[in-house]
2 protein chains.
Amino acid sequence: MMDTVEVKLQTLPKQVAGVLARRIAGSGVAGGLGPSEQQILQEFGVSRAVAREALKILASLDMIEIAQGRRVVLRPAEEWDYLSPLLIDWLPHEQMREILAEAHATRIIIEPAIAAIAAKHMTKEKLERLGTLLAAMSASEDNPDAYLKLDLDFHMEICRAARNRILDRFMYSSRWWQMASRRISNQMPHALPSATEMHRAIYEALVARDEKRAEEAMRRHLKKTTAVGLPR
Amino acid sequence: MMDTVEVKLQTLPKQVAGVLARRIAGSGVAGGLGPSEQQILQEFGVSRAVAREALKILASLDMIEIAQGRRVVLRPAEEWDYLSPLLIDWLPHEQMREILAEAHATRIIIEPAIAAIAAKHMTKEKLERLGTLLAAMSASEDNPDAYLKLDLDFHMEICRAARNRILDRFMYSSRWWQMASRRISNQMPHALPSATEMHRAIYEALVARDEKRAEEAMRRHLKKTTAVGLPR
DNA sequence: GCCTATAAGCTTATCAGACAAGTGGATGTT
DNA sequence: AACATCCACTTGTCTGATAAGCTTATAGGC
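A brief look at the structure comes next. Note that the structure is predicted; figures quoted are calculated from it, not measured.

### Concerning the interface of chain A and chain B
- Taken together, the contacts link 24 residues of chain A with 24 residues of chain B.
- The biggest single contributor to the side of chain A that touches chain B is helix 5 (residues 93-121) of chain A, with eight residues.

Below is the structure:
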C-alpha cells in the first residue's frame, strides 16, 4: 500500500518510478546497479506487478536496462529521454533549469525553420485558425493560463503546417517543457501585449507566404521570450 | 504461449504490442476503441500480465490512452512517438518511408545548427576523437556496416560538443532511423569515399573553429546524403 | 413524465503465490 | 590452469483472486 496516506494522485507504479527516478537522477552512476524487483518490494511494500511496471517506466525513459537473469543496470544520463513529461517532473530543480534552457535553445534552432516551411505550405484554413487563435490571445491578455494554452496551440498549428511528424513530436514535447517552466516560476516573463504583437508579426508573414520573413519573425519572438525563470 | 513457434526473439509483451501496433497503424481511427485486456487474452492466449504490459508499451508510445474503468481508446497518429525505435519497426513500409524522409528533412534543419554550436565549443580532446573516427571511416570504406556505425558515432560526437541534451536525444533517435533506413534498402546510397571527404570537410571546419563553414559543410553533406531508398 | 439515486456489470489496478527461463559465480573435476 | 557442472539469484510468465473506477440501466421519488 506504499504509505499510510491513501490519496491517489496517480497510478502506483508511476509514484514508485518517480521516487526511484529522483534517486537515480540525484546520485546514480552509469553502469552501476539499479533497483531490483526485490528491493522495491521491500522498500515500498508493493506487489511485484507494481514493482515491475515501475521498472518498465524507467526503462522506457532509457534510465535503466532490464534483461532476464541480469540485474538492472543504470544507463548513462546523456541518453535519458528528456523529451518525456515524466522525466521533466522528476529531475531535481537544478538539472531541470538546465534542461529547460537547452530546450529553449533548441526551439530557437527548430521553430524558425518550421515557420519558413510552414509559410510555403500555408493554406487558407490554417491561416483562418491561426487568425482565430491570435484574436483569442489578444482577448486573453489578462489571463496568463489561458494565454499560455493559446500560445502553445499557435506554435503547434504552425508546426502542423510543415507536415513533418518528427517536428510535430518535438513541438509536442515542447509543450511539457513550457508548462513545467510556468510551474517553477509563476511570474510572467513579459508583458502579454508585446507577445501578441510578435505573434501577429509571424502570422502576417505567413499570410504573405514570405518564408524569410516568417523565419525571422519567429526567431525574434523566441529570442525575446527568454526561457522563463532562467536569469543565470 | 502465443504460438506453436517457440522461438524467443524478444520479450512476449513486445511481440504482442508489435502485432497490435501494426494493426492500429494499419487501420486505426483516433478516438475509437483500442484493444482491451480481455480481447488480448483471448486472441493471443497470453496471461493478463503480458497483455497489460503490451498495452503499457503502446501507451508509452502515445498510441493509446489507458485509464482505470474506461476502455482503451486510440490516440491521434499525429501525436505518436515517432522518435521511438519500436514504432519505427512497427510502421507499415509506406508510412515508414514517409517518416524516414521527414526525419532526414529534420536532420537538415538541426545538424547544421549543431555543427555551428559545436565549432564554438570544440576542444582538443573532441577533435582528437573525431580525427580517430575519420581515420577509421577512411579505412572502413569496404565495410558498409562498420562504416555506418562510425558515421553515426561521428555525428553523435559532434552533437555532444554542443552540450544540449535535447539535441542529444534527437541524435540518439536519429541513429534508429538510419539503421532502419539501411534495413529496408541494402544498397549504399553513394560511394563511401565521397562521404568520407564530406566528413573531412566538416572536421576541418571544426578544427578551424569556423562556425559558418562547419554549418555549411554539414548542410552540404546532408543534402548530398539523400534519405536512403527514397527516390519517390 | 422527468429527474435522481442506486445498483449491476463492465473496465482497469493491485495483490498473492507459484513456476519457467536465463545469467553468473561457486564448485568441483580433469 | 582449464573446463564442465551445479546452484543461487535475477527477471519473465502464468494463474486466480480482490479492489477500485466508470458506464449504463434500472428503480424510486417528485
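Still to come is the rest of the account.
### Overview of the protein's contact with DNA strand C
- Around DNA strand C sit 21 residues, and of these Leu12(A), Ser47(A), Val50(A), Gly69(A) and Gln68(B) come closest.
- For the surface near DNA strand C, the elements supplying multiple residues, two or more each, are helix 1 (12-27) and helix 3 (48-60) of chain A together with helix 2 (37-44) of chain B.
- Among the elements that line the surface near DNA strand C, the one with the most residues is helix 3 of chain A, at three residues.
- Here the residues of the surface near DNA strand C sort into eight nonpolar, eight polar and five charged.

### Topic: the protein's contact with DNA strand D
- Inspection of the region around DNA strand D gives 22 residues, with Glu37(A), Gln68(A), Leu12(B), Ser47(B) and Gly69(B) positioned closest.
- Looking at the surface near DNA strand D, the elements that each hand over two or more residues are helix 2 (37-44) of chain A together with helix 1 (12-27) and helix 3 (48-60) of chain B.
- No other element matches the three residues that helix 3 of chain B contributes to the surface near DNA strand D.
- Here the surface near DNA strand D is built from residues that sort into nine nonpolar, eight polar and five charged.

### Side note on the packing of helix 3 of chain A against helix 3 of chain B
- In the contact formed by helix 3 of chain A and helix 3 of chain B, the axes pass within 11 Å of each other and the chain directions differ by 30 degrees. For the element pair helix 3 of chain A / helix 3 of chain B, the angle class is roughly parallel. In terms of crossing hand, the pair formed by helix 3 of chain A and helix 3 of chain B is right-handed. For the pair helix 3 of chain A and helix 3 of chain B, contact is made by Ala49(A), Glu53(A), Lys56(A) and Ser60(A) and by Ala49(B), Glu53(B), Lys56(B) and Ser60(B), respectively.

### A short note on the relation of the copies chain A and chain B
- With an RMSD of 0.1 Å, the fit of chain A onto chain B corresponds to turning through 180 degrees and sliding 0.0 Å along the axis. Such a combination of rotation and displacement between the chain copies is what one expects of a two-fold axis. When each C-alpha of chain A is compared by its distance to the rotation axis, Ile110(A) comes out closest, at 3.4 Å.
- The fraction of interface residues of chain A whose copies in chain B are also interface residues reaches 100%, indicating that both copies meet through the same surface.

### A closer look at helix 6 (residues 124-139) of chain B
Residue and element names in this part refer to chain B.
- Given a rise of 1.5 Å per residue, 16 residues ought to cover 22 Å, and the 23 Å separating the end C-alpha atoms of helix 6 matches this to within 8%.
- Along helix 6, the positions that sit buried rather than exposed are Leu 130, Leu 133 and Met 137. On an axial view of helix 6, the arc spanned by its buried residues comes to 60 degrees, and they lie on one face. Residues of helix 6 that are exposed and point more than 90 degrees away from the buried face comprise Lys 124, Glu 125, Glu 128 and Ala 135.

### Considering the environment of Ile110(B)
- Mapping Ile110(B) onto the fold places it in helix 5 (residues 93-121).
- Residues Ile110(B) and Arg220(B) lie 110 residues apart in sequence; the distance between their C-alpha atoms is 13 Å.
- Leave out the neighbours within four places in its chain, and Ile110(B) touches Ile109(A), Ile110(A), Leu167(B) and Phe170(B).

### Describing the nonpolar core
- If you look at the biggest cluster of nonpolar residues, it comprises 123 residues, and the most contacted ones within it are Ala118(A) and Ala118(B).
- Not counting residues up to four positions away in its chain, the partners in contact with Ala118(A) are Ile158(A), Ala161(A), Ala162(A), Leu206(A) and Ala214(A).

### Brief notes about the environment of Ala101(B)
Residues and elements named next belong to chain B.
- Counting through the fold element by element, Ala 101 comes out in helix 5.
- A tally of 18 C-beta atoms within 10 Å means that Ala 101 is categorised as partly exposed.
- Put simply, Ala 101 and Trp 177 are 76 residues apart on the chain and 9.8 Å apart in space, counted from C-alpha to C-alpha.

Definitions and cut-offs
- Residues numbered from 1 in each chain as written.
- Chains lettered and ligands numbered in written order.
- Predicted model: local features only at pLDDT ≥ 70, side-chain atom pairs only at ≥ 80, totals over all residues.
- Contact = placed C-beta atoms within 7 Å.
- Helix = DSSP H or I, 4+ residues; strand = E, 2+ residues; numbered from the N terminus.
- Near = placed C-beta within 6 Å.
- Nonpolar A, V, L, I, M, F, W, Y, C, P; charged D, E, K, R; others polar.
- Axes fitted to C-alpha atoms, helices over the stretch in contact; angles between N-to-C directions.
- Parallel < 35°, antiparallel > 145°, perpendicular 65-115°, else oblique.
- Left-handed = near helix turned anticlockwise from the far one by under 90°.
- Least-squares fit on C-alpha atoms with pLDDT ≥ 70 in both.
- Expected span 1.5 Å × (residues − 1).
- Buried ≥ 20, exposed ≤ 12 C-beta atoms within 10 Å, placed from the backbone.
- Arc of directions from axis to C-beta.
- Core = buried A, V, L, I, M, F, W, Y, C linked by C-beta atoms within 7 Å.

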